[in-house]
Amino acid sequence: YAGKSSNQLLGDYIRKLTVKEHKSIPVVCQEDTTVYDAMCTMFLEDVGTLFVVREGGLLIGVVSRKDFLKSLMGSRELAQTPIGVIMTRMPNIVTCKLDDTLLEAAALLIRYQVDALPVVKESSSEKGVEVVGRITKTTVTKAFVELGEGTPV
Ligand code: ADP
């Protein structure tokens with residue numbers, strides 16, 4: 001530790017946190033799931049963002065609370081409309097990888113003003129990326145609290 005200020009040590013520590021260690025389980029639905037059913041999933045799973053996937057976990061979209069509010073403002077039939085109509089679609093999705101640092105992921109959340117990032121890896125079988133996790137503002141807040149309490153996991 002010779003010559004390092006406590007701020008430098010804290011910075012070193014923060015830069016070592018990885019997406020892989022901190023990611024949580026992704027909550028997903030399919031493109032043909034109805035808006036109504038997707039809303040139910042969001043409540044039941046207690047998340048603010050759902051990832052829309054094809055077979056094999058291939059990422060095709062993201063749907064957030066705001067997307068649901070928008071669809072409620074329209075005159076769509078929520079029990080008939082597929083989620084594919086309202087989701088944000090690939091390639092316009094900001095993602096992170098397993099070996100990114102948590103700091104890099106957090107910077108993306110801020111830069112793109114979104115609440116959640118799918119953690120992805122190249123698909124072994126198809127063209128595209130597979131969803132393997134989720135990083136959200138809560139993930140980062142948790143790491144921050146652990147850091148402050150001195151009980152990092
Ligand atoms: P909320 O709706 O709860 O405010 P966000 O700010 O994350 O959540 O979502 C705002 C918009 O950005 C929505 O239209 C959503 O589909 C889109 N979005 C959410 N996450 C991502 C992401 N990782 N990449 C690209 N777009 C996203």
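Residues numbered from 1 in each chain as written. Predicted model: local features only at pLDDT ≥ 70, side-chain atom pairs only at ≥ 80, totals over all residues.

Per an unreviewed UniProt entry, the protein chain is named CBS domain-containing protein, and its organism is Marininema mesophilum.

> Describe the sheet that holds strand S3 (residues 59-64), listing the residues and the values that go with them.
Taken in spatial order, the four strands make up an open sheet running S1-S2-S3-S4, and their pairing is mixed. The open sheet terminates on both sides in strands that have one partner only, identified here as strand S1 (28-29) and strand S4 (88-89). Sheet analysis places S3 next to S4, joined by two bridges and oriented antiparallel. Following the sheet pairing, Val62 is matched in S4 by Thr88. Most of the contacts of helix H3 (residues 35-45) go to strand S2 (residues 49-53), to which it runs at about 130°, and overall it touches S1, S2 and S3. (Pairing = 2+ DSSP bridges. Helix = DSSP H or I, 4+ residues; strand = E, 2+ residues; numbered from the N terminus. Contact = placed C-beta atoms within 7 Å. Axes fitted to C-alpha atoms, helices over the stretch in contact; angles between N-to-C directions.)

> So what about the packing of helix H5 (residues 102-111) against helix H6 (residues 137-149)? Which residues, and what values?
Contact pair H5 / H6: the axes reach a minimum separation of 10 Å and the direction vectors enclose 130°. With respect to H6, the axis of H5 lies oblique. Like other packed secondary-structure pairs, H5 and H6 cross with a definite hand, here left-handed. Where H5 approaches H6, its residues Leu102, Ala106 and Leu109 are matched on the opposing element by Lys137, Val140 and Ala143. Residue composition of the contact of H5 with H6, by class: five nonpolar, no polar and one charged. (Parallel < 35°, antiparallel > 145°, perpendicular 65-115°, else oblique. Left-handed = near helix turned anticlockwise from the far one by under 90°. Nonpolar A, V, L, I, M, F, W, Y, C, P; charged D, E, K, R; others polar.)

> Account for unusual backbone geometry, with residues named and values stated.
The omega torsion of the bond from Met90 to Pro91 falls at 10°, within 30 degrees of zero and hence cis. Here Pro91 lies in the loop between S4 and strand S5 (96-97). One non-glycine residue with positive phi stands out, namely Asp46, at about 55°. By the secondary structure assignment, Asp46 is in the loop between H3 and S2.

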